[in-house]
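As a plain string of letters, each chain reads:
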Amino acid sequence: MSTGTADAAETRISEPPSNLKEFLSYMGPAWVFTASQIGGGEVLSVPLGGAYLGMEGIWLIPLITFTKIFGQYYLVRYGVMTGDTFLDALYERSWALKWIFYYVFLGGLIYAIGLSGHLGETAGAFNSLFPAISNTGWMLITVAAGLLVVGMRSYGLIEKLATSLLWIFLVLIAFVSLSTMNVWAPNLASGLVPSMPGRVDGLGVGGMAFVLTMFGWIGAGFGPTVSYVWFAKDKVMGMFEPLDNGVEIDKYDLTDEEVDHLKGWGDIVLWQNLLSSAILAVFSFFMWTAAAATLHTQGIQPSGFTVIPEMAAIFTTQYGQWSATLFLLTTVAALFSTLIGPMYGMSRLWEDAFALHGLFDKYDITRDTVFRLTIVLFAVIPLSLNLFIEAPLILFALSGALFAPAIGLMYLAVMYMSFDIDIDSLSPTRKWAVGLAIFAGVVMIVSGLWEARGSLETIQTLLGL
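Every value quoted in this text rests on a predicted model; they were computed, and no experiment measured them.

## Quick notes on the packing of helix α3 (residues 60–82) against helix α10 (residues 208–217)
Packed helix pairs are characterised by how far apart their axes lie and by the angle those axes make with each other.
Phase 1 of the analysis: Two elements in contact, α3 and α10, have axes whose closest approach is 10 Å; the angle formed by their N-to-C orientations is 45°. Considering their axes alone, α3 and α10 lie oblique with respect to each other. Relative to α10, the crossing made by α3 is right-handed. Contacts between α3 and α10 pair Leu60, Leu63, Ile64 and Lys68 from the former with Phe210, Val211, Met214, Phe215 and Gly216 from the latter.
Phase 2 of the analysis: Here the contact of α3 with α10 is composed, by residue class, of seven nonpolar, one polar and one charged.

## Section: the packing of aromatic side chains
Phase 1 of the analysis: The full count for this structure, using the stated rule, is 23 aromatic pairs.
Phase 2 of the analysis: Judged by centre distance (5.3 Å) and plane angle (80°), the rings of Phe70 and Trp432 are edge-to-face. Of this pair, Phe70 sits in helix α3 while Trp432 sits in helix α20 (residues 431–462), placing them 362 residues apart in sequence.
Phase 3 of the analysis: By relative accessible area, which is 49% here, Trp432 ends up partly exposed.
Phase 4 of the analysis: The interplanar angle of 45° and the centroid separation of 6.4 Å between the aromatic rings of Tyr155 and Tyr344 together place this pair among those described as tilted. With Tyr155 in helix α7 (residues 155–178) and Tyr344 in helix α15 (residues 321–356), this pair connects stretches of sequence that are 189 residues apart. Of the two residues, Tyr155 and Tyr344, both sit in the buried class.
Phase 5 of the analysis: Cluster of aromatic residues (ring-pair linked, three or more members): Tyr91, Trp95, Phe101 and Tyr102.
Phase 6 of the analysis: Over the ring of Tyr91 we find Lys98, and its NZ or CZ is 4.4 Å from the ring centre.
Phase 7 of the analysis: Against the face of Phe371 rests Arg153, its NZ or CZ located 4.9 Å from the ring centre.

## With respect to the confidence of the model for the chain
Phase 1 of the analysis: When pLDDT is averaged along the chain, the result is 84; 88% of the residues meet or exceed 70.
Phase 2 of the analysis: The least confident element of the chain, judged by mean pLDDT, is helix α18 (residues 392–403) at 62; the most confident is helix α9 (residues 188–191) at 94.
Phase 3 of the analysis: Low pLDDT, under 50, characterises residues 1–9; the stretch is placed with 15 contacts to residues that sit more than four places away or in other chains.

## Section: a nonpolar patch on the surface
Phase 1 of the analysis: Taken together, Leu412, Ile438, Val442 and Val446 make up a surface patch of nonpolar side chains, about 290 Å² in accessible area.
Phase 2 of the analysis: In terms of residues, the nonpolar patch owes the most to one element, α20, which gives three residues.
Phase 3 of the analysis: By the element assignment, Leu412 lies in helix α19 (residues 406–418).
Phase 4 of the analysis: For Leu412, a relative accessible area of 30% puts it in the partly exposed group.

## Comments concerning unusual backbone geometry
Phase 1 of the analysis: Phi at Arg153 takes a positive value of approximately 50°, unusual for a residue other than glycine.
Phase 2 of the analysis: Among the secondary structure elements, Arg153 is positioned in the loop between α6 (135–151) and α7.
Phase 3 of the analysis: On the basis of relative accessible area, Arg153 is assigned to the partly exposed category, the value being 25%.
Phase 4 of the analysis: We note that Val236 has phi near 60°; this positive angle belongs to a residue other than glycine.
Phase 5 of the analysis: Following the sequence through the fold, Val236 ends up in the loop between α11 (222–234) and α12 (240–244).

## Focus on the side chain of Arg12
Phase 1 of the analysis: The topology assignment puts Arg12 in the segment before α1 (20–25).
Phase 2 of the analysis: Within polar-contact distance, the side chain of Arg12 engages the side chain of Glu258 at 2.8 Å.

## Details of the nonpolar core
Phase 1 of the analysis: Grouped together as the largest cluster of nonpolar side chains are 150 residues, with contacts concentrated most on Phe86 and Phe169.
Phase 2 of the analysis: Broken down by element, the residue count for this core peaks at 19 residues, all from helix α13 (residues 256–298).
Phase 3 of the analysis: Not counting residues within four places of it along the chain, the set of residues in contact with Phe169 comprises Ala35, Ile38, Phe283, Thr330, Ala333, Ala334 and Ser337.

## A short note on the pattern of salt bridges
Phase 1 of the analysis: Counted according to the given criterion, the structure contains 13 salt bridges.
Phase 2 of the analysis: Arg12 serves as the salt-bridge partner of Glu258, at 2.8 Å between the closest nitrogen and oxygen. Residue Glu258 is located in helix α13, and its partner Arg12 is located in the segment before α1; the two are separated by 246 residues in the primary sequence.
Phase 3 of the analysis: Its relative accessible area of 0% is what places Glu258 among the buried residues.

## Let's talk about the environment of Leu254
Phase 1 of the analysis: As for its placement among the helices and strands, Leu254 is situated in the loop between α12 and α13.
Phase 2 of the analysis: Residues Leu254 and Arg12 lie 242 residues apart in sequence; the distance between their C-alpha atoms is 8.9 Å.

## Observations regarding the packing of helix α5 (residues 95–129) against helix α17 (residues 367–388)
Phase 1 of the analysis: Packing of α5 against α17 brings their axes to within 8 Å, and their N-to-C directions diverge by 55°. Regarding the angle of α5 to α17, the classification is oblique. In this structure, the crossing between α5 and α17 has a hand that is right-handed. Note on element contacts: α17 touches α5 through Leu377, Phe378, Ile381, Pro382, Leu383, Leu385 and Asn386, opposite Gly108, Leu109, Ala112, Ile113, Leu115, Ser116, Leu119 and Gly120.
Phase 2 of the analysis: Looking at the contact of α5 with α17 residue by residue, the classes come out as eleven nonpolar, four polar and no charged.

Reading the values: rules and limits
Residues numbered from 1 in each chain as written. Predicted model: local features only at pLDDT ≥ 70, side-chain atom pairs only at ≥ 80, totals over all residues. Heavy atoms only, no water. Axes fitted to C-alpha atoms, helices over the stretch in contact; angles between N-to-C directions. Helix = DSSP H or I, 4+ residues; strand = E, 2+ residues; numbered from the N terminus. Parallel < 35°, antiparallel > 145°, perpendicular 65-115°, else oblique. Left-handed = near helix turned anticlockwise from the far one by under 90°. Contact = heavy atoms within 4.5 Å. Nonpolar A, V, L, I, M, F, W, Y, C, P; charged D, E, K, R; others polar. Phe/Tyr/Trp six-rings, centres within 6.5 Å; stacked < 30°, edge-to-face > 60°. Buried < 20%, exposed > 50% of the residue type's maximum accessible area, 1.4 Å probe, protein only. Lys NZ or Arg CZ within 6 Å of the ring centre and 35° of its normal. pLDDT = per-residue confidence, 0-100. Patch = residues over 30% accessible without salt bridge, like charges linked within 9 Å, V, L, I, M, F, W, Y side chains within 5 Å. Areas by Shrake-Rupley, 256 points an atom, 1.4 Å probe, with all protein chains shown as cover. Salt bridge = Lys/Arg side-chain N within 4 Å of Asp/Glu carboxyl O. Polar contact = N/O pair within 3.5 Å; in protein donor to acceptor, adjacent residues only side chain to side chain. Core = buried A, V, L, I, M, F, W, Y, C linked by side-chain atoms within 4.5 Å.

Next up, the structure:
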């Protein structure tokens, strides 16, 4: 029960959506999150699985997507229940947890290194569509477009653009995959039966190592995971609403009605994440089957960033240039959404982190200025690395090696803090969801450490060490 004394007539926290139309109007953070994560590991690792294994191992897609999402759910739920992002909460804790704050904060730089791989993929896909412009030219155009969009500091614009891109590449990849259905459909049933996958030389792993690698690459990655919290904050959900309105509010002053509203918002976050998982699973399924029907049947075993152009070449040969164009447009939409969503979210994270350290109180500098300087930094790092090092696989592997276990640490930390909320009715109550979140956190740490080990080996191999 609440001990609140606030006037019940002035409810400071709105009632959560009560029908499908209202619910969909608040799906924006989940759309941006889903669009942001699809263009990362899914575009690279999922087709490699289909190329090497055919339909074998496709059972991993629903397992991973509907497991990892619960850690993400509690990260967002914590903010909606308390009005503090998990980063704010970590900063106020003892050093037993506070160090994760700085790990996540510095992770922005590491994530920017990883974005170099996504930027290279995006430019390569554009170049395949319009070869008159070089890869370097497309990188510059992509970065300029990203800075223009994110620099407007408009969550509404990010939401509309990411949502549009999400549905564009979902429709396109569904069309591409279903056009090859006669090839992969006969083996679908056997592929959904759990079995130990064979070796995928394109990733340098097989068996349980491949399973752990997929846990690390499919689903919520570091950038989208962290950014989703700020998407929900800027959408003004739950306890973020009174704070956005400038209303002083304390969790001990909540009325019973406001507590019920917060619990309802927690349910909305759960359904957001479940729908996001379903979309991610569908997209990954179509990417896997498209690769299985083209590359696998031709005996082509691509490596790393060659998978997209090789798939496009097969589509051109078997179905005509139109199918390759559709596939490349799908890839471009997915990859660009991966760049703009996390760039916005990570810049908001850095902005809030500087605020916690009193930057805006001590110096004559605005939040807008810091936000825009940060997005420039996050754009310049991947662009410079691509232009001067020209080794996207090394950069992608380096990013994974330096920051692989972070997501699992965030999952477990926020679970601990969620049960530390003093109002029992706002603490997690779904034991099955808690169990899945903890499982996801542990597996992400294990798979992250495994990925870090594999990334270091990849770097040594590529450098000839």
